[in-house]
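Chain and residue survey
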Amino acid sequence: CTTILNELIQSNEINELELAAPNGGRPARRFEYNKDFKRILLVGLAKEDKDEIIHLYVCNLIGEIESKTIIHKQIDIDTITEAIESQIAQYPNIAYLSIGIPGVTQNGQVYSCDLELLEDFKLSHYLEQKFELKVVVESAGCFFVLACVA
């Protein structure tokens with residue numbers, strides 16, 4: 001157990017707190033999870049009438065939203081990439097990327113989408129290669145549930 005704790009402390013994944021007040025034995029070591037160790041970027045793509053919107057949420061590891069950005073712009077792969085790049089520049093410890101699209105997905109593959117340029121596109125594979133992050137692509141319904149919980 002000590003080896004694992006030391007590794008987690010060295011990686012900054014956990015923080016050691018002050019010793020617990022003694023209650024008859026030696027004081028216990030106390031730890032807390034470092035919620036800012038890594039961050040998650042949630043990217044929601046939406047189409048409302050002719051308006052295309054990118055919603056960006058940066059969250060810590062306990063789901064607290066640290067940043068919200070909304071971009072009203074025609075969505076294409078370059079626009080998506082630039083939006084993600086700007087968030088990674090601001091939050092370099094983003095380790096996970098979750099994309100919500102208005103369509104049907106399976107295993108990162110977009111099969112049907114209101115944003116036609118994404119149809120039959122392996123979006124998760126493209127983004128994993130581009131950013132070297134773990135990427136999950138889901139339907140917008142699943143994504144917005146995650147964003148609302150966060």
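Presented here is a report on the structure given in the accompanying data block. (Residues numbered from 1 in each chain as written. Predicted model: local features only at pLDDT ≥ 70, side-chain atom pairs only at ≥ 80, totals over all residues. Heavy atoms only, no water.)

1. Quick notes on the sheet that holds strand β6 (residues 94-101)
Across a sheet, paired strands are connected by hydrogen bonds in the backbone, their directions being either parallel or antiparallel. Taking strand neighbours across the sheet as the criterion, the five strands line up as β5-β4-β3-β6-β9 in an open arrangement whose pairing is mixed. Each of the sheet's edge strands pairs with one partner strand only, and the pair in question is β5 (65-72) and β9 (134-139). When the angles between neighbouring strand axes are averaged without regard to direction, this sheet yields 15°. Relative to β6, strand β3 (residues 39-48) runs parallel, the two sharing six bridges. Bridging from a neighbouring strand, Leu 42 pairs with Ser 98 of β6. (Pairing = 2+ DSSP bridges. Helix = DSSP H or I, 4+ residues; strand = E, 2+ residues; numbered from the N terminus. Axes fitted to C-alpha atoms, helices over the stretch in contact; angles between N-to-C directions.)

2. Brief notes about the nonpolar core
Core analysis: the biggest nonpolar cluster contains 26 residues, and Leu 45, Ile 99 and Leu 118 have the highest contact counts within it. Elements with a contribution of two residues or more to this core: β3, β4 (51-59), α2 (77-90), β6, β8 (109-113), α3 (123-131) and β9. Setting aside chain neighbours within four positions, we find Leu 118 in contact with Leu 45, Ile 77, Ile 80, Ile 101, Val 110, Cys 113 and Leu 123. (Core = buried A, V, L, I, M, F, W, Y, C linked by side-chain atoms within 4.5 Å. Buried < 20%, exposed > 50% of the residue type's maximum accessible area, 1.4 Å probe, protein only. Contact = heavy atoms within 4.5 Å.)

3. Details of unusual backbone geometry
Residues other than glycine seldom take positive phi values, yet Asn 12 does so here, at roughly 70°. In this fold, Asn 12 is placed in the loop between α1 (2-10) and β1 (14-16). For Asn 12, a relative accessible area of 45% translates into the label partly exposed. With a phi close to 55°, Glu 132 is a non-glycine residue in the positive phi region. With respect to the element layout, Glu 132 can be found in the loop between α3 and β9. For Glu 132, a relative accessible area of 72% gives the class exposed.

4. With respect to α2
If you check α2, its first and last C-alpha atoms are 20 Å apart, about what 14 residues at 1.5 Å a residue would give, namely 20 Å. Among the residues making up α2, those that are buried are Ile 77, Thr 79, Ile 80, Thr 81, Ala 83, Ile 84 and Gln 87. Contact partners of the buried residues in α2: β3, β4, β5, β6 and α3. Taking the backbone nitrogen of Asp 78 as reference, a side-chain oxygen 3.1 Å away marks Asp 76 as the first, capping residue of α2. (Expected span 1.5 Å × (residues − 1). Polar contact = N/O pair within 3.5 Å; in protein donor to acceptor, adjacent residues only side chain to side chain.)

5. A look at the packing of α2 against α3
Running from N to C, α2 and α3 point in directions that differ by 45°, and their axes come no closer than 12 Å. As summarised for this structure, α2 and α3 are arranged oblique, according to the angle between their axes. Note that α2 runs across α3; the crossing there is right-handed. Contact with α2, carried on its side by Ile 77, Thr 81, Ile 84, Glu 85 and Ile 88, involves Leu 123, Tyr 126, Leu 127, Lys 130 and Phe 131 of α3 and no other residues of that element. (Parallel < 35°, antiparallel > 145°, perpendicular 65-115°, else oblique. Left-handed = near helix turned anticlockwise from the far one by under 90°.)

6. Some details on the packing of aromatic side chains
Here a ring pair, both rings aromatic, is described through the centre-centre distance and the interplanar angle of the planes. In total, this model carries one aromatic pair according to the counting rule given. Each ring, one from Phe 121 and one from Tyr 126, has its centre 5.8 Å from the other, and the planes form 50°; the classification is tilted. Here Tyr 126 falls in the partly exposed class, since its relative accessible area comes to 27%. (Phe/Tyr/Trp six-rings, centres within 6.5 Å; stacked < 30°, edge-to-face > 60°.)

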